[in-house]
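# A closer look at the structure
Spelled out, the chains give:
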Amino acid sequence: MRDLDAELHELRARIDRAARVCVLSGAGMSAESGIPTFRDALTGLWSRFDPAQLASEEGFRADPRLVWDWYAQRREGVRAAQPNAGHLALGAFAQRRPGVLTVVTQNVDDLHQRAGNADAIRLHGDILADRWLQPCRCRPRRDPGEAEPGRPPRCPGCGALVRPGVVWFGEMLPEGAMEAAERAARAAELMLVVGTSGAVWPAAGLAGTARRAGAFVAIVNPHDSEIDASAQLLLPGTAAQILPRLFA
Ligand code: APR
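Below: a short report on this structure.

## Notes on the nonpolar core
Core analysis: the biggest nonpolar cluster contains 27 residues, and Leu11, Leu192, Leu243, Leu246 and Phe247 have the highest contact counts within it. Per-element tally for this core: the top contributor is helix α10 (residues 239–247), with 5 residues. Residues in contact with Leu246, not counting those within four places in the same chain, are Leu8, Leu11, Arg12, Ile15, Leu192 and Leu235. Membership of the second largest hydrophobic core comes to 24 residues, among which are Cys22, Ala180, Ala188 and Leu206.

Okay, structure coming up:
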């Protein structure tokens, strides 16, 4: 029979010995903070929409109000949420052993940052940030913060629309983010993958990158993921249950 306690104990010892640890997190990391995973966020009122309709430039251009309202609802959820015991354990570890941990997240919320990992690398942007859909054409250019309130807000001069600062389907990742994440994955002696389905690339490839560079790779997820084969250890459990036992 499997002895999960002993495996956690051993992994904890590895973390304590490691000079570089990388955590790759996904939507499951924030699930216990009450932020629905991407797929869960499409339930209820939104279940009749397909993800590409709500999370793509094409979808936004087709119906800016609909997409803006969907993000406005998700932003409210993020603002109301608090970091869970998993986020807090990682934040406390970063304070205790500065320079050891790099958090790379696919999440667009700010819970890692609020928990103390101020420099977490955000591969998919920031849902609370505003950007222009197309550059403001005013001279001088206005900042998205100067837009007229609306659904979505618009530039009072040129009419440019504001959009949320997330990475939509088909878009490039924020400049430098993937490069920084790959450096962290290659440098890590230990990579812990938490709460991701491993279905979205290039983020999903980071576990394999770390493994090929010699890292020990462990996955925390109550369910199977598409990158389980990259890991030496699968820990069936949730972020808030497991991470405090490894990092606190
Ligand atoms: N603790 C750990 N893992 C959990 C928990 C939990 N409490 N709850 C759910 N999970 C796991 C699920 O089993 C699933 O494998 O989290 C994963 C969530 O998967 P997705 O919703 O696909 O999230 P993610 O992998 O982050 O998706 C990647 O897809 O649409 C994009 O930009 C969006 O960043 C997101 C990306």
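From this point, the discussion proceeds with the structure in view.
## Concerning the packing of aromatic side chains
Counted under the stated rule, the structure contains 4 aromatic pairs. Aromatic pair Phe60 and Trp168: ring centres 5.4 Å apart, planes at 40 degrees, arrangement tilted. Of this pair, Phe60 sits in helix α4 (residues 57–62) while Trp168 sits in the loop between β5 (162–166) and α8 (177–187), placing them 108 residues apart in sequence. Take Phe60: its relative accessible area is 0%, and that puts it in the buried class. Trp168 gets classed as buried once you look at its relative accessible area, which sits at 2%.

## Digging into the sheet that holds strand β3 (residues 121–122)
Strand order in this open sheet of 6 strands is β3-β2-β1-β6-β7-β8, and the pairing throughout is parallel. Edge positions in the open sheet fall to β3 and β8 (233–235), since each of these has one partner strand only. Here strand β2 (residues 101–105) pairs with β3 via 2 bridges, running parallel. Each bridged residue has a counterpart across the sheet, and for Val104 the counterpart in β3 is Ile121.

## Topic: helix α5 (residues 64–80)
Here α5 contains 17 residues, and its C-alpha end-to-end distance of 24 Å stays within 8% of the 24 Å for a straight helix at 1.5 Å per residue. For α5, the elements touching its buried residues are α3 (51–54), α4, α7 (111–115), β4 (125–132) and β5.

Analysis parameters
- Residues numbered from 1 in each chain as written.
- Predicted model: local features only at pLDDT ≥ 70, side-chain atom pairs only at ≥ 80, totals over all residues.
- Heavy atoms only, no water.
- Core = buried A, V, L, I, M, F, W, Y, C linked by side-chain atoms within 4.5 Å.
- Buried < 20%, exposed > 50% of the residue type's maximum accessible area, 1.4 Å probe, protein only.
- Helix = DSSP H or I, 4+ residues; strand = E, 2+ residues; numbered from the N terminus.
- Contact = heavy atoms within 4.5 Å.
- Phe/Tyr/Trp six-rings, centres within 6.5 Å; stacked < 30°, edge-to-face > 60°.
- Pairing = 2+ DSSP bridges.
- Expected span 1.5 Å × (residues − 1).

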